[in-house]
Amino acid sequence: MPEIFIAFSYKDVLYLLQAALVTIALCAMAFSCGLVVALAIGLMRTARRVRVLRFVAAAYVEVFRGTPLLMQIFIAYFGLSIIGLQLPKFVAVSIPLILFTGAFMGEIVRAGIEAIPRGQWEAGWSLGMSYGQVMRWVVVPTAVRIMIPPSVGFLVQLVKGTSLAYVVGYVELTRAGYIVSQATYATMLVFTLVGLIYFGINYPLSLASQRLEARLKRHA
Amino acid sequence: MLKLENVHKWFGSLHVLKGISMEVARGEVVVVIGRSGSGKSTILRCVNGLEPIQQGRILVDGDLVDAHSRHVRKIREEVGFVFQSFNLFPYYTALENVSLALKIVKKLPPDQARGIAEEMLRRVGLSDKLAAYPDQLSGGQQQRVAIARALAMSPKLMLFDEVTSALDPELVGEVLKVMQDLAEGGMTMVVVTHEMGFARAVADRVLFVHEGQIAEEGPTEQIFSAPRNENLRSFIQSIL
């Protein structure tokens, strides 16, 4: 019987590792851009005086947190193309990931800011500081420490979430695993390997966060 | 230095200050006493613009306090406030707690801010704790840092809001001592407190607040030895 498929080899492993780099890059991009969105959302949601800002930010969070990321990617790629806007795959995947990150991290930012006791604000104000100065010098240093554990939790979710990019055919780790398994029929082996690579990305993240947390926890 | 004219304050439908009028002269130490919930702390918070008022006027050195205006920040720079719960910044050392506002509000160069902060901490007896974080200090020490932090801004007026109420009894003395030194140095002070011994020793004048109004005021000795108001009499009896 002639070989109708290629045997699984080290070349496939290299291919998967290359795709893992795409996943990591996608994640890093989505997380850093999403963080900027999240910062704006968090500040808007905690704006005491301006109701409309709070409302807009809350609506944004509800929409992007309340719908599946898969649908968001689907709409960004296929949905927009129906109305004539054909985004490149990378962009169609990036935008939902960024907006999704903005919604989740925005809530983490808000929770961090709101966890700061009112007395800290009053102490800053009583020294003549402005809202922005209290935020920058008093609230943020404490809030950041509160935000680290849930942020890493989200980042781990995001690493796995990027796998949804496969629906539009964007080749990241999961898609690459699919391609290799189609070619080699070594499905179990390939996806076990894919799973291990995801774990290999996430576990160091958790470890790093535990270290950072312990270091920052002093003087809490 | 400080003047309140017919000040009214509501929290929702709760009428907490019902026409407070009072004056504090430069260099005077006024102690405000009264039961919990009488509104005495609210008076201080209104003076510093931490709470807006709905009616009346508050003047600090002739300057109108409006909690909603930007100008209130200028006034706060000149009015020190010390809180019951210290409210030190947890991730700053004692020195940084005191020098932070000097750097970012007064915009002093770092070495000058540091010099002032060291001097203030020396005044409150904490020269050996410059590098300590709040969680490494006792309650009494934390409150002294808070006083130094307020003093560093060189305020014209100091407000003390039950600053010893959260302290263990053995730590109250060190804080009162600092306040007494301050009073003797000529600082204008309004002190809300339950420490009657301190009031008798330091106050020039005592105000008794009852249900949002100043029920009686007078020189310290007169308030304690010859109270006229019935509520004041029962209040003094209940705490002595």
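Computed from a prediction, not measured in an experiment: that's the story for all the values here.

Student: Go over the overall build of chain B, please, and point to the residues and values.
Tutor: When helices and strands are tallied, chain B shows nine helices and 10 strands. Taken against the 2.2 N^0.38 rule, which gives 18 Å for 240 residues, the C-alpha radius of gyration of chain B at 18 Å falls within 12% of a compact globule. Taken along its principal axes, the extent of the C-alpha atoms in chain B is 55 × 40 × 30 Å. Counting every position in chain B, which comprises 240 residues, the buried fraction comes to 57%. Across chain B, contacts joining residues at least 24 apart in sequence account for 64% of those joining residues at least 6 apart. As presented, chain B carries roughly 10,000 Å² of accessible surface, and 47% of it is formed by carbon and sulfur atoms. Treating the 27 positive side-chain charges of chain B as one cloud and the 29 negative ones as another, the clouds have centres 4 Å apart.

Student: Let's hear about the sheet that holds strand 2 (residues 14-24) of chain B: which residues, and what values?
Tutor: All names here are of chain B. Here four strands make up an open sheet; going across it, the order is 2-1-4-5 and the pairing antiparallel. Because the sheet does not close on itself, it has two edges, and the strands there are strand 2 and strand 5 (63-64). In this structure, strand 1 (residues 2-11) lies alongside strand 4 (residues 55-60), joined through five bridges in antiparallel fashion. Residue pairing for strand 4: Lys3 is matched across the bridge by Leu59.

Student: Describe the nonpolar core, with residues and values.
Tutor: Ranked by internal contacts, the top residues of the largest apolar core, which has 139 residues, are A:Met129, B:Ile147, B:Met158, B:Phe160, B:Met179 and B:Met189. Looking at this core, the element that brings in the most residues is helix 6 (residues 131-161) of chain A, giving 10 residues. The contact partners of A:Met129, leaving out residues within four places of it in the chain, are A:Gly124, A:Val134, A:Val138, B:Arg73, B:Phe89, B:Leu100, B:Ala101, B:Ile104 and B:Val105. Core analysis: the second largest hydrophobic core is formed by seven residues, A:Ile41, A:Val61, A:Phe64 and A:Ala103 among them.

Student: Describe the packing of aromatic side chains, and please don't skip the residues or the numbers.
Tutor: All names here are of chain A. Throughout the structure, instances matching the rule amount to 13 aromatic pairs over all chains. Judged by centre distance (4.9 Å) and plane angle (50°), the rings of Phe100 and Phe104 are tilted. Of this pair, Phe100 and Phe104 both sit in helix 4 (residues 89-114), four residues apart, roughly one helical turn. Judged by its relative accessible area of 14%, Phe100 falls in the buried class. One aromatic cluster is present, built from ring pairs that chain together Phe74, Tyr77 and Phe78. The cationic tip of Arg136 hangs over the ring face of Trp137; the distance from NZ or CZ to the ring centre is 4.1 Å.

Cut-off values and rules
Residues numbered from 1 in each chain as written. Chains lettered and ligands numbered in written order. Predicted model: local features only at pLDDT ≥ 70, side-chain atom pairs only at ≥ 80, totals over all residues. Heavy atoms only, no water. Helix = DSSP H or I, 4+ residues; strand = E, 2+ residues; numbered from the N terminus. Rg over C-alpha atoms; globule rule 2.2 N^0.38 Å. Buried < 20%, exposed > 50% of the residue type's maximum accessible area, 1.4 Å probe, protein only. Contact = heavy atoms within 4.5 Å. Areas by Shrake-Rupley, 256 points an atom, 1.4 Å probe, with all protein chains shown as cover. Lys, Arg positive; Asp, Glu negative; His and termini not counted. Charge placed at Lys NZ, Arg CZ, Asp CG, Glu CD. Pairing = 2+ DSSP bridges. Core = buried A, V, L, I, M, F, W, Y, C linked by side-chain atoms within 4.5 Å. Phe/Tyr/Trp six-rings, centres within 6.5 Å; stacked < 30°, edge-to-face > 60°. Lys NZ or Arg CZ within 6 Å of the ring centre and 35° of its normal.

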